[in-house]
Amino acid sequence: MPSALFVLMLLAALCSLGCAMSRDEKLKLRNQVVEMFDHAYQNYMDHAYPADELMPLTCRGRVRGLEPSRGDVDDALGKFSLTLIDTLDTLVLLNKTAEFEAAVRRVLSDVRLDNDIVVSVFETNIRVLGGLLGGHSMAVMLKEEGQHMRWYQDELLHMAKDLGLRLLPAFNTSSGLPYPRVNLKYGVRGPESRTGTETDTCTACAGTIILEFAALSRFTGDPVFEAHARRALDFLWEKRQRNSNLVGTTINIHSGEWVRRDSGVGAGIDSYYEYLLKAYVLLGDEQFLQRFNIHYASIMKYISQPPLLLDVHIHKPLLPARTWMDSLLAFFPGLQVLKGDIRPAIETHEMLYQVTKKHNFLPEAFTTDFRVHWAQHPLRPEFAESTYFLYKATGDPYYLEAGRTIMDNLNRFARVPCGFAAMKDVRTGSHEDRMDSFFLAEMFKYLFLLFADPEDLRFDVEDYIFTTEAHLLPLSLSTTPHVSSVPPNQTIPQVEQEELDDSNFDWTCPNTRLLFPDPAFPRNLREPIRSAVDRSCPRPAPYREPGMGAPPLRAQDFMANNPEHLELLRRMGVSLIHLKDGRVQLVQHATQAVSPIAAEDGVRFMQEMMELSSQQQKEQLPPRAIQIVSHPFFGRVVLTAGPAQFGTDLSKSATGVRGFVTVAEPYTGCGEITNGEEVQGHIALLQRGQCMFAEKARHIQKAGAIGGIVVDDNEGSSSDTAPLFQMAGDGRSTDDIALPLLFLFHKEGNILLEALKEYRQVEVLLGDKARDRAAIFKGKPLPGSLFEGSADVREAEEDCQTEATSPTASESEATTTTSGKDGDASPTGGEDVGPAEDVGPAEADAPKADGGEEEEQRVDGAGRSADRLLADWRDDLEAFRQMEKDEL
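Everything quoted here is computed from the prediction, not taken from an experiment. (Residues numbered from 1 in each chain as written. Predicted model: local features only at pLDDT ≥ 70, side-chain atom pairs only at ≥ 80, totals over all residues. Heavy atoms only, no water.)

Draft legend 1. A look at the state of the cysteines. Within the structure shown, the criterion is met by three disulfides. Between the sulfur atoms of Cys59 and its disulfide partner Cys418 the distance amounts to 2.0 Å. Disulfide Cys59 to Cys418: torsion about the S-S bond roughly 95°, handedness right-handed. On the criterion of sequence distance, the pair formed by Cys59 in the loop between β1 (53-55) and β2 (60-62) and Cys418 in the loop between β15 (415-416) and β16 (419-420) is long-range, its members being 359 residues apart. Classification of Cys418 as buried rests on a relative accessible area of 6%. (Disulfide = S-S within 2.5 Å. Helix = DSSP H or I, 4+ residues; strand = E, 2+ residues; numbered from the N terminus. Buried < 20%, exposed > 50% of the residue type's maximum accessible area, 1.4 Å probe, protein only.)

Below, the structure written as structure tokens:
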């Protein structure tokens, strides 16, 4: 027995260094990738086409103008069947040639490119123009084989040129940098174009054009496209900061001044660096490689702090610009593989992998100690991309297991009956009604290639280069005649030759077998990083300001609808303002207090209010989850819900509360429940308003309900646009309330109501987070299971909350804002300055002063100065909007 145990331990140790995955296992995973693609693609074709994108929660297409605007994100939509075009070359890579041929015929017959609509130049270039060129490359390849596409006469290429000509007006600037948007029908700056007034664009937006435009020029023989793309790149290169050799994030397209001077490898800049290196690979122009190498040396000197990649200021590159990273930098290890710099690629990828395992997906942004900064995850493919390239470079089966993790998480947490839904919050597992086209264009390409053997592919991928959208462009384009931006008689400026030290760079990728002769070496690089991430997310102790006496009114006792409390506030010089959007704002003026002592009490009250906010952010009840477990959802649809400060604490329940949903009568729950027989033993559905939350809970509890869900009565409200809040009590003891009560905004509540109309019997699970489907069904065969043994009973690791800072001393005149529906802290004027990230302090469901809807309370701010808070929120909001604008 001891010898057998020793053998098992030895095998485990060897496998930890990297056991080769069997061919059968790789085949099973490859087939699973294809099935997942079929699920996403077929649902798009069945429920969304010819719309641009699929809305997987409501099983319909997203048509711009018919759905509520999402801001700059919608600039990717042009009413040109975006997802179908973006998916064309994926169909061929996955050996779906018949589907590809049918898709091409649909594009040629149905898609129009002359729509009167304003679109993003960047997104339209990488997704639509790139998709048409990738589709054309595949069509030509299949036609040459002689079995498919024999009717094809370059129709996709003709469409690509038509689109390229529609994008060209955007380049009509003195700098050559394109406007960020263009009207497909009317161009830029015309009376009907509705665009052309913008002054700024992101570096990636202007610098991620060369691959598609150069390919279009070389396919068609028209040099104008490549010339414009080269001119834009030349201008960006000239405007780099000459001391640091870094570029900023946002630039003025007319003057060339940097608008945002922070520099990194994530949102706003990422694919600029990618396209410099790939332009050299595709076009063979060494100037692109020289520029990339100069930039790369600066990146590794200033931005790279292995395994982290932190933004810096271009003029002061030794100063960090932020303490968090965005998920778009996950592409960078793959680019480092292409560069041949494997060691830092392994280190950064391992950090990203550990963050992924901690949160199931990469949060849209996370801090240097790996806490969630922005909790969304729109099914981005960059981590899968780097995983594929690292496996390609090292052959290490560790990266096959990383790919398996990606697939498992997609199936466990993102898969819904009508496709795959983006994650609204990786901490709770809640969904967003969104499946971007890049999910089909990129994710399944990289996962399929990760598990495929060469004989599984109909063509050699080494003959192609991947664009930033993973479209395939043939390397044979490098031999096609082109017009260079540098005349033949002009050499590269001497300054560039002096800046480049060739001894620091290999001009070919290294042989990784020689680089890593010890198979344990990559593991030795990964182990310290894994340990560092595992030790992250400390729980800060609640802050207490020393030496503070108790003011007459404690912030924790304050009720906005209590006349006595309002009078006490008035005496302390604190005024309460009801804003139009339902928020309540507190402003303190020491000069308006009835006495100096009362003014001091007012300052203490405001300090305590801010401390309460900070403390509740640290000790807060996190968002809850409502998981629909009945047919046909089976746990795949999860709605983000706000908690209550009373009733059952779902975080202490291993199983949550499960039951069928019944609409209470009256729907407001503000009187005795008249359909008690139906509510008994069920989860009652209620409408917000007319009485306190605690009163609703008591009424349904008396009727025998096992839980309650309150749906917002404000039509159109959504957790997409407003942060959740905690439902507060009614000012008296709530110890008598023993059931859980959760809150849904109108949009999420509507999903539940529609399910009730459609299926009548709807069963939900109320919990602190989404449960693994295997845990929900307790070992029974999973409804809708795709593969034998695919159920994964591992519990998701507990997430960490976002960081909070301790409050500082308040000024004699202080401002704090309480809010509900918007949840955004405001200065005195009530201006919204940014999105809240966590569930905030209490909100009481009480009548407003005018006798209408309920009072709302929420305090934002961690006690830092108002200017500092405002600056931080604005920085975060600007960066988030930039990420959404780029849609990278």
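Draft legend 2. Geometry of the nonpolar core. The biggest cluster of nonpolar side chains holds 171 residues, and the ones touching the most others in it are Phe100, Ile210, Tyr273, Leu410 and Phe420. If one sorts the elements of this core by residue count, helix α5 (residues 121-145) sits on top with 11 residues. If sequence neighbours within four positions are ignored, Phe100 has contacts with Leu88, Leu91, Val92, Gly135, Met138, Ala139, Leu142 and Met149. Counting 25 residues, the second largest nonpolar core, distinct from the first, contains Ala641, Ile709, Leu752 and Leu766. (Core = buried A, V, L, I, M, F, W, Y, C linked by side-chain atoms within 4.5 Å. Contact = heavy atoms within 4.5 Å.)

Draft legend 3. Examining the sheet that holds strand β5 (residues 200-202) more closely. Taken in spatial order, the three strands make up an open sheet running β5-β6-β7, and their pairing is antiparallel. Strands with a single pairing partner mark the edges of an open sheet, and in this sheet they are β5 and β7 (258-260). Between one strand axis and the next, the sheet turns by 35° as a mean value, whatever way the strands run. Pairing between strand β6 (residues 250-252) and β7: two bridges, direction antiparallel. Residue pairing in the sheet places Thr250 in a bridge with Arg260 of β7. (Pairing = 2+ DSSP bridges. Axes fitted to C-alpha atoms, helices over the stretch in contact; angles between N-to-C directions.)

Draft legend 4. Highlighting the environment of Gly708. The residue Gly708 is located in strand β27 (residues 707-711) in this model. The class for Gly708 is buried, based on a relative accessible area of 0%. Sequence separation between Gly708 and Leu741 is 33 residues, and the spatial gap between their C-alpha atoms is 4.7 Å.

Draft legend 5. View of unusual backbone geometry. With an omega of 5°, the peptide bond between Pro306 and Pro307 qualifies as cis. Tracing the backbone through its elements, the reader meets Pro307 in the loop between β9 (304-305) and β10 (308-309). Pro632 follows His631 through a cis peptide bond whose omega is 0°. Considering the arrangement of structural elements, one finds Pro632 in the loop between β23 (624-628) and β24 (637-641).

Draft legend 6. Structural context of helix α13 (residues 342-359). When the terminal C-alpha atoms of α13 are compared, their 26 Å separation across 18 residues agrees well with the 26 Å that a helix rising 1.5 Å per residue should span. Burial of α13 is extensive: 16 of the 18 residues sit out of reach of the surface. Asn360 lies just past α13 and shows a positive phi near 75°. (Expected span 1.5 Å × (residues − 1).)

Draft legend 7. Up close: the packing of helix α2 (residues 23-47) against helix α16 (residues 437-451). Two numbers describe how α2 lies on α16: the axes approach to 8 Å, and their chain directions differ by 170°. Here α2 lies roughly antiparallel to α16, going by the angle between them. Crossing geometry of α2 relative to α16 is assigned as left-handed. Between α2, through Lys26, Leu29, Arg30, Val33, Val34, Met36, Phe37, Ala40 and Tyr41, and α16, the contact on the second element is made entirely by Phe439, Leu440, Phe444, Leu447, Phe448 and Phe451. A breakdown of the residues in the contact of α2 with α16 according to their chemical character gives 13 nonpolar, no polar and two charged. (Parallel < 35°, antiparallel > 145°, perpendicular 65-115°, else oblique. Left-handed = near helix turned anticlockwise from the far one by under 90°. Nonpolar A, V, L, I, M, F, W, Y, C, P; charged D, E, K, R; others polar.)

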